[in-house]
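Remarks on the overall topology
One letter stands for each residue in the lines below.
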Amino acid sequence: MGATEKLTVNAAGVAAPREDCPLDKVRLGISTWGLLHTMAAFYSDNPTDNEKRDMRTFFEVLSRLYPCEYCAKDFRTDMEVNPVNVNSQKDLALWLCKFHNRVNDKLGKPLFDCSKVNERWRDGWLDGSCD
Ligand SMILES: Cc1cc2nc3c(=O)[nH]c(=O)nc-3n(C[C@H](O)[C@H](O)[C@H](O)COP(=O)(O)OP(=O)(O)OC[C@H]3O[C@@H](n4cnc5c(N)ncnc54)[C@H](O)[C@@H]3O)c2cc1C
């Protein structure tokens, strides 16, 4: 993955990062978290055994194939200690929020308030600012 950001001049004549370059670790991470949290947001409240198996398999495979080698290695180690909880939408969203917070902590980023995870990724903020 590219480490340096290439700039281009946009329609307003302003130098801005190109949108069509290979993803670096940061953009890959932001996009992947968006997919994962949205998958958890729309997971079933009462998943079938097949749905549970599929979701567990998805995370196991992702932790092997995530295209940042050391991120994936830490991901696998974390999943051994904190196995993915696929019992319900609430459980999965909370497990993922806590996992994301462990990555945030490792990177020195602020922790997210997991009581608000469904506001952030499913329902929109209570103040209506996403409506
Ligand atoms: C599985 C995985 C492992 C990674 N491992 C590494 C690594 O080892 N080293 C590395 O340098 N980068 C890693 N990354 C990338 C890193 O986590 C960030 O995506 C990247 O640094 C960009 O961070 P950001 O601050 O823009 O927001 P991100 O951390 O990408 O978060 C995106 C948005 O999610 C929301 N959010 C933040 N925390 C939570 C939470 N706990 N629960 C719910 N929503 C939340 C916020 O609104 C935020 O704007 C990993 C990414 C993934 C998907």
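The present account deals with the structure reproduced in this document. (Residues numbered from 1 in each chain as written. Predicted model: local features only at pLDDT ≥ 70, side-chain atom pairs only at ≥ 80, totals over all residues. Heavy atoms only, no water.)

A short note on the overall build of the protein
Secondary structure assignment for the protein yields five helices and two strands. Starting at the N terminus and walking to the C terminus, you meet the elements of the protein as β-β-α-α-α-α-α. Seen along its three principal axes, the alpha-carbon backbone of the protein occupies a region of about 55 × 40 × 30 Å. By residue count, 32% of the 131 residues in the protein fall in the buried class. By sequence separation, contacts in the protein at least 24 residues apart represent 47% of the contacts at least 6 residues apart. For the protein, the computed accessible surface area is about 8,900 Å², with 55% contributed by carbon and sulfur atoms. Taken together, the 18 basic and 20 acidic charged side chains of the protein have centroids lying 4 Å from each other. (Helix = DSSP H or I, 4+ residues; strand = E, 2+ residues; numbered from the N terminus. Buried < 20%, exposed > 50% of the residue type's maximum accessible area, 1.4 Å probe, protein only. Contact = heavy atoms within 4.5 Å. Areas by Shrake-Rupley, 256 points an atom, 1.4 Å probe, with all protein chains shown as cover. Lys, Arg positive; Asp, Glu negative; His and termini not counted. Charge placed at Lys NZ, Arg CZ, Asp CG, Glu CD.)

Brief notes about the state of the cysteines
Per the stated rule, a full pass over the model turns up two disulfides. Each sulfur of the disulfide joining C68 and C71 lies 2.1 Å from the other. Since a negative S-S torsion denotes a left-handed disulfide, the C68-C71 link at about 60° is right-handed. Its relative accessible area of 5% is what places C68 among the buried residues. Note on cysteine connectivity: C97 is disulfide-linked to C114, with sulfurs 2.1 Å apart. (Disulfide = S-S within 2.5 Å.)

Notes on the site of the ligand
Inspection of the region around the ligand gives 24 residues, with W33, C97, H100, K106 and R120 positioned closest. With respect to the ligand, the side chain of H100 contributes an N or O atom lying 2.9 Å from an oxygen atom. Contacts to the ligand include W121, whose side-chain N or O atom sits 3.0 Å from a nitrogen atom. Residue assignment for the shell around the ligand shows that the elements contributing at least two residues are helix 1 (25-41), helix 3 (69-81), helix 4 (89-106) and helix 5 (117-123). Here the residues of the shell around the ligand sort into 14 nonpolar, six polar and four charged. (Near = heavy atom within 4 Å. Polar contact = N/O pair within 3.5 Å; in protein donor to acceptor, adjacent residues only side chain to side chain. Nonpolar A, V, L, I, M, F, W, Y, C, P; charged D, E, K, R; others polar.)

Focus on the side chain of Q89
Note on placement: Q89 falls in helix 4. In terms of polar contacts, Q89 uses its side chain to reach the side chain of N118, at 2.9 Å.

Looking at helix 3
The first and last C-alpha atoms of helix 3 sit 19 Å apart over 13 residues, in line with the 18 Å expected at 1.5 Å per residue. All of the buried residues along helix 3 are A72, F75, D78 and M79. Mapping the buried residues of helix 3 onto a view down its axis gives an arc of 125°, with all of them on the same face. Seen from the buried face of helix 3, the exposed residues on the opposite side, beyond 90 degrees, are E69, K73, E80 and V81. Looking at the packing, one finds that the buried side of helix 3 touches helix 2 (49-65) and helix 4. (Expected span 1.5 Å × (residues − 1). Arc of directions from axis to C-beta.)

Looking at the packing of helix 3 against helix 4
Between two packed helices, what matters for the description is the angle formed by their axes and the separation of those axes. At a closest axis distance of 12 Å, the pairing of helix 3 and helix 4 adopts a crossing angle of 130°. Between helix 3 and helix 4, the interaxial angle falls into the category oblique. The hand of the helix 3/helix 4 crossing is right-handed. Seen from helix 3, the contacting residues are D74, F75, D78 and M79; seen from helix 4, they are W95, F99, R102 and K106. In the contact of helix 3 with helix 4, the residues fall into four nonpolar, no polar and four charged. (Axes fitted to C-alpha atoms, helices over the stretch in contact; angles between N-to-C directions. Parallel < 35°, antiparallel > 145°, perpendicular 65-115°, else oblique. Left-handed = near helix turned anticlockwise from the far one by under 90°.)

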